[in-house]
Amino acid sequence: MRCPFCSAIEDKVVDTRPSDNEQVIRRRRECSSCERRFTTYERIDEILPMVVKKDGRREAFDRVKVLTGLKRACSKRPVSLDTLERTTDRIERDLQEAGEKEIPSTRIGDAVMAALRNIDDVAYVRFASVYRSFRDVAELMDELKTLVDARGGPRR
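The structure displayed is predicted, hence computed values, not measured ones. (Residues numbered from 1 in each chain as written. Predicted model: local features only at pLDDT ≥ 70, side-chain atom pairs only at ≥ 80, totals over all residues. Heavy atoms only, no water.)

### Some points on the overall build of the protein
Across its full length, the protein holds five helices and six strands. Ordering the α and β elements of the protein from the N terminus gives β-β-β-β-β-α-α-β-α-α-α. Over its C-alpha trace the protein gives a radius of gyration of 20 Å, far above what one expects of a compact globule, namely 15 Å for 156 residues. A total of 156 residues make up the protein; the buried ones form 30% of that total. Sequence-distant contacts, at least 24 apart, represent 41% of the contacts inside the protein between residues at least 6 apart. When the accessible area of the protein is evaluated, it comes to approximately 10,600 Å², of which 48% is carbon and sulfur surface. Side chains of the protein give 33 positive and 29 negative charges; the mean places of these two sets differ by 4 Å. (Helix = DSSP H or I, 4+ residues; strand = E, 2+ residues; numbered from the N terminus. Rg over C-alpha atoms; globule rule 2.2 N^0.38 Å. Buried < 20%, exposed > 50% of the residue type's maximum accessible area, 1.4 Å probe, protein only. Contact = heavy atoms within 4.5 Å. Areas by Shrake-Rupley, 256 points an atom, 1.4 Å probe, with all protein chains shown as cover. Lys, Arg positive; Asp, Glu negative; His and termini not counted. Charge placed at Lys NZ, Arg CZ, Asp CG, Glu CD.)

Here it is, written out as structure tokens:
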């Protein structure tokens, strides 16, 4: 593992422990050259489906894109990074378990929307406003009314 501080390749593992429902191994490492410590995460590299974009292009599934979208939607909201990581893991796991070789990008967007609806209303509306590309305020208001009705009325 290359040291992120001095780029040396020699290090020693100081601590190893399972994390995230034992799906990921967390390792604390110490660089042999600069003696600084850093953390690495090890996960099984499973084959994920190709994502078919709206314009027909195909690209490999990228969990970082999903996590980045969740972080943007939840920016300045009381949502922990751990919650976003677990949500990303759940979406990724669902795609793997589907066993399909290709999936439309809309399926990922819908999964993110469904997750955000249960995590934070404001983050859900933020993501929906970009993902659904509302043409006007009326469409946005319709989505807000649907959200409020699903929650059982306005909250105070």
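### Structural notes on the packing of helix α1 (residues 63-73) against helix α3 (residues 105-119)
Axis separation between α1 and α3 bottoms out at 11 Å; the angle between their running directions is 40°. Considering the angle they form, α1 stands oblique to α3. Crossing geometry of α1 relative to α3 is assigned as right-handed. Along the contact surface, α1 presents Val-66, Leu-70 and Ala-73, while α3 presents Ile-108, Val-112 and Leu-116. Here the residues of the contact of α1 with α3 sort into six nonpolar, no polar and no charged. (Axes fitted to C-alpha atoms, helices over the stretch in contact; angles between N-to-C directions. Parallel < 35°, antiparallel > 145°, perpendicular 65-115°, else oblique. Left-handed = near helix turned anticlockwise from the far one by under 90°. Nonpolar A, V, L, I, M, F, W, Y, C, P; charged D, E, K, R; others polar.)

### A look at the sheet that holds strand β4 (residues 50-52)
The strand order across the open sheet built from three strands is β5-β4-β6, with neighbouring strands paired in mixed fashion. Each of the sheet's edge strands pairs with one partner strand only, and the pair in question is β5 (58-60) and β6 (102-104). The sheet shows a mean angle of 35° between the axes of neighbouring strands, taken without regard to direction. Bridge count for β4 against β6 is three bridges, and the pairing is parallel. Counterpart to Met-50 in the pairing with β6 is Glu-102. (Pairing = 2+ DSSP bridges.)

### Focus on the layout of surface pockets
One number sums up the size of the largest pocket: a volume of about 610 Å³. In terms of lining residues, the largest pocket is bounded by 22 residues, among which Lys-53, Lys-65, Gly-109, Phe-127 and Tyr-131 are the most central. Going through the elements one at a time, β5, α1, α3 and α4 (121-131) are the ones with two or more residues in the lining of the largest pocket. With seven residues, the top contributor of residues to the lining of the largest pocket is α1. Class assignment of the residues belonging to the lining of the largest pocket gives a composition of eleven nonpolar, four polar and seven charged. (1 Å grid on protein atoms, 1.4 Å probe; cavity = no way out; pocket = protein on both sides within 12 Å on 5 of 7 lines; lining within 4 Å. Points joined across faces, edges and corners; volume = space filled by probe spheres on them.)

### Some points on the side chain of Ser-105
By the secondary structure assignment, Ser-105 is in helix α3. Setting aside anything within four residues of it in sequence, one finds Ser-105 in contact with Val-51, Val-52, Lys-53 and Lys-54.

### Comments concerning α1
In an α-helix, one turn spans 3.6 residues, which is why side chains three or four residues apart end up on the same side. Among the residues of α1, Arg-63, Val-66, Leu-67, Gly-69, Leu-70 and Ala-73 are the ones counted as buried. The arc enclosing the buried residues of α1, seen along the axis, measures out at 160°, which places them on a common side. When the buried face of α1 is taken as reference, the exposed residues oriented beyond 90 degrees from it are Val-64 and Arg-72. For α1, the elements touching its buried residues are β3 (37-43), α2 (81-98), α3 and α4. (Arc of directions from axis to C-beta.)

So far we have only geometry, and geometry alone does not tell us how the molecule works.
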